[in-house]
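The residues making up each chain are set out below.
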Amino acid sequence: MEWSLTKIAAGLAGASVLFVVYLYLAALHRQRFLFLWTLAWSAYLARYLIFPWMPHSHGLSLLPVVYATLALAGSYLLLCGARDFLGRPLPWRWLWFLLATYAWTFISALARLPFELCTLPCAWTLAFTYALSGWELWRAERLEKAGRWLAAAGLGLWSLAQVTYPFIINRPLYSQYGYIISTGLEVWTAIGLLIVFFQHSRRELLEAQAVLTGSEERLRLAMHNMPLLLYAFDEKGRLVVWNRECARVTGFAAREMLGGDDAVKKLFPQAEARAAALAAWDAPDADFRQRELETTCADGSRKLIAWSNISKAVPIPGWAAWGVGVDLSERKRARQALEQLAAGVAHNFNNVLMAVMGNLQATGPLLAQSGEKGRQAAELVANALKSAAAGREVGARLSAYVGGGAGRQGDLTPLELSPVVQAALDLARTGWSHLGLARVEFRVRLKPGTRVYARRGELMEVFLNLIKNALEAMPQGGVLTMTQEEREQDVLITFSDTGPGMDMQTRQRAFDPFFSTKGAAVRGLGLSSSLGILHSLGGDLQVDDKPGPGATFLVRLRRAEEAEPQAQARLPLAAAGRGGGRVLLVEDEALVALGLQAMLAQEGYSVRWADSLREARLALGRETPEVLLCDMMLPDGAGWELAADLSLDREGRPLTSLVVLTGWSADCGGQGGAELESLAEAVLHKPVEREPLLKAIAQAMASAAARQALPKTGSGS
């Protein structure tokens, strides 16, 4: 048989192009069915190389075996690819039928049977395999009709050609057109499979886009309606995201904020606040969390919002800066209400204690003069006074913690830090041996001589709470390290343990009252009370938020100078002698007034009592006392207002010394503020003990005596 080189070249070219196309698609999409089809076309390509020598190849008797191997492998790979493409299991059982056909071809070739008899089973097996592949695609209704009809028709015609192949291979017509027809059917089938694949891929892409669009819409709705403020800026600094919570909290609707370049100006109209906000958002390392900023709302009111920027940690294309915010206004109002409640409770409690202590302190000296039984009664009164003093500390703690401000710092004294820490460690070793102290190493790295403003007992309590927490975190032993660092006007003391550490939720709630990870039996007040104490000392307590094992607490205290500066210049005082002089006592609580009046009268002072501003002004109009001892809060006004009614000397200084009594803590009862500090000779916090009271009155008397020696200029108005 004469074979045209042109026909052979055309067949090889077609098979080569199909192989390259399928190989590219398989490498691009990495789908198993594409790899199977690629292997099928590689088998057909190899088959074309030996196809011209197949008929009457008596010298090459094994060529039919090689041809059958390539043809059967190609057909089976086409069938496997079609089933895998449709998501069906591979036809492993069909492989045994193909192996049986291959065995027949091999045996018949060895027996040198006629070519037709040798290839007939192989051709019909191929025909059935192609027909089965076409049927699989035809009945796949989820595929588009055009593609599956084209591929199924190509496989069907190819199957028909394989059925007739043994009978027409030696006919002249086949010699002229058979090779071209066979190549055309393979190309037809390959193109049909490609169309099926691309149509299916397009359908999957559209479905994926629909799912993505739905997901984006759900995400957009979630972000728009979530109970957190969500914002985002583009590269030009324009606001592109402003969700419903932002509009609810600030009052600025999205249409007012989006797209414009004045969004930040609306939220922070003050230049200084706006500059601080822009500096935070525009910084190279701009990520920050829970930065509390006073934000101006549409109605002009201000709300405290904790803003977070997480653009660097979670970058989103199109959003140059984005983050969330939490409205703290309700929390702030609740805290303020709690502060006011606690301040009122502490004030009333202090007044009650003042009445008890004042009367007991006035009774004690009288009983001591009444013989043995009187002295015993005086001892009982002293015990009662000690209990009342302990109650005073309870009120001070309540005011200091809930007030959250500087606390009562007027009675702070410079303390050396190292001895207090060492005393706390010694006390811990004595009282908490059951916590495995023998297995804990204490590393104290404090600078000797460093002094801070504090009250020793309260500072000791803070250190003991931190030490106990560290010991409970290391039941199997570990290391507790205490270090010191000086920062400008502060001293930073670090307590670091090697325990398991705290997760983010525990860190965030570490200072909440009654929060504990140690079970319901533990009150969970150690860290919250320590925070309140440090606030009352003008300091702070923080927990380091670094991830990993171990917990680190940072105690900040005010560093004490070598010489404590005086709050204001005062006249030189004489020795604090007692007795003599007139005192106008202004106090609306009768029981408190009786106790104070008795104590002062015992020291020889002449005491006149007024229970309101009106009565006090009338008394000041009748005479000029040396000392005005006045409660801060009275039924008809603030006691410090009486300073305007005092007579003045030639240099404009009052002839009467003002001593203020208050049941409020320093940060809860701030009426008068800095003006009160400048006008008053002393500010005493209820309940005040006898000695501090008498000392303050004696000093005020000495100051008044020095001023009254000069001629009067009249009274202030």
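As the structure is a prediction and not an experimental result, all values here were calculated from the model.

**Description of the sheet that holds strand β2 (residues 239-242)**
Stage number 1. Pairing within the open sheet is antiparallel, and its five strands lie in the order β2-β1-β5-β4-β3. The sheet terminates laterally at β2 and β3 (288-296), the two strands that pair on one side only. When the angles between neighbouring strand axes are averaged without regard to direction, this sheet yields 25°.

**Some words on helix α15 (residues 456-473)**
Stage number 1. The end-to-end C-alpha distance of α15, which contains 18 residues, comes to 26 Å, matching closely the 26 Å that a straight helix rising 1.5 Å per residue would cover.
Stage number 2. Among the residues of α15, E458, L459, M460, V462, F463, L464, N465, L466, I467, A470 and L471 are the ones counted as buried.

**Focus on the side chain of E245**
Stage number 1. Within the fold, E245 resides in helix α8 (residues 244-250).
Stage number 2. The class for E245 is buried, based on a relative accessible area of 13%.
Stage number 3. Within polar-contact distance, the side chain of E245 engages the side chain of R248 at 2.7 Å.
Stage number 4. Residues within four places of E245 in sequence aside, it is in contact with H224, M226, P227, L228 and L229.

**Quick notes on the environment of L328**
Stage number 1. The residue L328 is located in the loop between β5 (321-327) and α12 (329-368) in this model.
Stage number 2. Separated by 23 residues in sequence, L328 and I305 have C-alpha atoms that sit 5.4 Å apart.
Stage number 3. The residues touching L328, leaving out its near neighbours within four places in the chain, are E292, L304, I305 and A306.

**Some words on the nonpolar core**
For soluble globular proteins, the rule of thumb is that nonpolar side chains tend to be buried together.
Stage number 1. Counting residues in hydrophobic clusters, the biggest one holds 44 residues, and the most contacted among them are L417, F463, I467, L541, F553, V555 and L557.
Stage number 2. Top element by residues in this core is α15. It accounts for nine residues.
Stage number 3. Dropping the residues within four chain positions of it, F553 is found in contact with L466, I493, T494, F495, M502, F511, L527, L541, Q542 and V543.
Stage number 4. Counting residues in hydrophobic clusters, the runner-up holds 40 residues, among them F85, Y130, L155 and L194.

**Points about the sheet that holds strand β11 (residues 540-543)**
Stage number 1. One open sheet accounts for five strands, arranged β7-β9-β10-β12-β11; its pairing is mixed. Across the chains shown, the open sheet's two edge strands, defined by having one partner strand only, are β7 (440-445) and β11. Strand-to-strand twist across the sheet, computed as the mean angle between neighbouring axes with direction ignored, equals 15°.
Stage number 2. Pairing between β11 and strand β12 (residues 552-558): four bridges, direction antiparallel. Of the residues in β12, the one forming a bridge with D540 is R556.
Stage number 3. Most of the contacts of α15 go to strand β10 (residues 490-497), to which it runs at about 25°, and overall it touches β7, β9 (478-487), β10, β11 and β12.

**Details of the environment of A454**
Stage number 1. Among the structural elements, A454 can be located in strand β8 (residues 451-454).
Stage number 2. The exposure class assigned to A454 is buried, which follows from its relative accessible area of 0%.
Stage number 3. Once the C-alpha coordinates of A454 and L415 are considered, the two residues, 39 residues apart in sequence, prove to be 6.5 Å apart.
Stage number 4. Not counting residues within four places of it along the chain, the set of residues in contact with A454 comprises L412, T413, L415, L459 and L537.

**Side note on the pattern of salt bridges**
Note on pairing: side chains with opposite charge can pair once their charged atoms come close.
Stage number 1. One pass over the full model with this rule turns up 21 salt bridges.
Stage number 2. Across the pair E207 and R203 runs a salt bridge whose closest N-O atoms are separated by 3.5 Å. Here R203 and E207 lie together in helix α7 (residues 172-225), a separation of four residues that amounts to about one turn.
Stage number 3. Residue R203 is classed as partly exposed on the basis of its relative accessible area, which comes to 35%.
Stage number 4. Residue R443 is joined to E441 by a salt bridge in which the shortest nitrogen-to-oxygen separation is 3.0 Å.
Stage number 5. Among the charged side chains, a salt-bridge network with shared partners connects R83, R88, E136 and R139.

**Quick word on the packing of aromatic side chains**
Stage number 1. Enumeration according to the criterion identifies 19 aromatic pairs in this entry.
Stage number 2. Their ring planes at 65° and their centres at 5.0 Å tell us that F33 and F85 sit as a pair that is edge-to-face. Taken together, the residues span a long stretch of sequence, with F33 in helix α2 (residues 32-50) and F85 in helix α3 (residues 63-85) at a distance of 52 residues.
Stage number 3. By relative accessible area, which is 7% here, F33 ends up buried.
Stage number 4. Note on F85: relative accessible area 5%, which makes it buried.
Stage number 5. Within the aromatic cluster, the residues linked to one another by ring pairs are Y22, F33, W37, W41, Y44, F85, Y130, W158, F197 and F198.

**Some words on the pairing of strand β13 (residues 582-586)**
Stage number 1. With four of its five residues buried, β13 lies for the most part within the structure.
Stage number 2. Pairing geometry for β13 and strand β14 (residues 606-610), over five bridges, is parallel. Along β14, the bridge assignment pairs R582 with S606.
Stage number 3. As for the winding sense of the linkage, the β-α-β connection from β13 through helix α18 (residues 590-602) to β14 is right-handed.
Stage number 4. Inspection of the sheet shows β13 paired to strand β15 (residues 627-631) by four bridges, in the parallel sense. Counterpart to V586 in the pairing with β15 is C630.

**Observations regarding the confidence of the model for the chain**
Stage number 1. In this model, the chain carries a mean pLDDT of 77, and residues with pLDDT of at least 70 account for 73%.
Stage number 2. Taken together, the stretch residues 56-60 has pLDDT below 50 and engages in three contacts with residues farther than four places along the chain or on a different chain.
Stage number 3. Within the model, pLDDT remains below 50 along residues 404-408, and this stretch shows 21 contacts once partners closer than five positions in the same chain are excluded.

**Quick word on unusual backbone geometry**
Stage number 1. One non-glycine residue with positive phi stands out, namely R30, at about 50°.
Stage number 2. One can find R30 in the loop between α1 (5-29) and α2.
Stage number 3. Overall, R30 belongs to the exposed group, its relative accessible area being 65%.

**Examining a nonpolar patch on the surface**
Stage number 1. A contiguous nonpolar patch, built from W92, L95, W96 and L99 and spanning about 490 Å² of accessible area, is present on the exposed surface.
Stage number 2. Tracing the chain through its elements places W92 in helix α4 (residues 92-110).

**Points about α2**
Stage number 1. Over its 19 residues, α2 runs 28 Å from end to end, which matches the ideal 27 Å to within 8%, given 1.5 Å per residue.
Stage number 2. Looking at α2, one finds that the buried residues are F33, L34, L36, W37, T38, A40, W41, A43, Y44, R47, Y48 and I50.

**Here we look at the side chain of T125**
Stage number 1. Tracing the chain through its elements places T125 in helix α5 (residues 115-138).
Stage number 2. T125 sits in the buried class, given a relative accessible area of 4%.
Stage number 3. Apart from residues lying up to four places away in sequence, T125 is in contact with L72, F97, L98 and T101.

What counts and what doesn't
- Residues numbered from 1 in each chain as written.
- Predicted model: local features only at pLDDT ≥ 70, side-chain atom pairs only at ≥ 80, totals over all residues.
- Heavy atoms only, no water.
- Pairing = 2+ DSSP bridges.
- Helix = DSSP H or I, 4+ residues; strand = E, 2+ residues; numbered from the N terminus.
- Axes fitted to C-alpha atoms, helices over the stretch in contact; angles between N-to-C directions.
- Expected span 1.5 Å × (residues − 1).
- Buried < 20%, exposed > 50% of the residue type's maximum accessible area, 1.4 Å probe, protein only.
- Polar contact = N/O pair within 3.5 Å; in protein donor to acceptor, adjacent residues only side chain to side chain.
- Contact = heavy atoms within 4.5 Å.
- Core = buried A, V, L, I, M, F, W, Y, C linked by side-chain atoms within 4.5 Å.
- Salt bridge = Lys/Arg side-chain N within 4 Å of Asp/Glu carboxyl O.
- Phe/Tyr/Trp six-rings, centres within 6.5 Å; stacked < 30°, edge-to-face > 60°.
- Right-handed = clockwise from strand over helix to strand, strands pointing away.
- pLDDT = per-residue confidence, 0-100.
- Patch = residues over 30% accessible without salt bridge, like charges linked within 9 Å, V, L, I, M, F, W, Y side chains within 5 Å.
- Areas by Shrake-Rupley, 256 points an atom, 1.4 Å probe, with all protein chains shown as cover.

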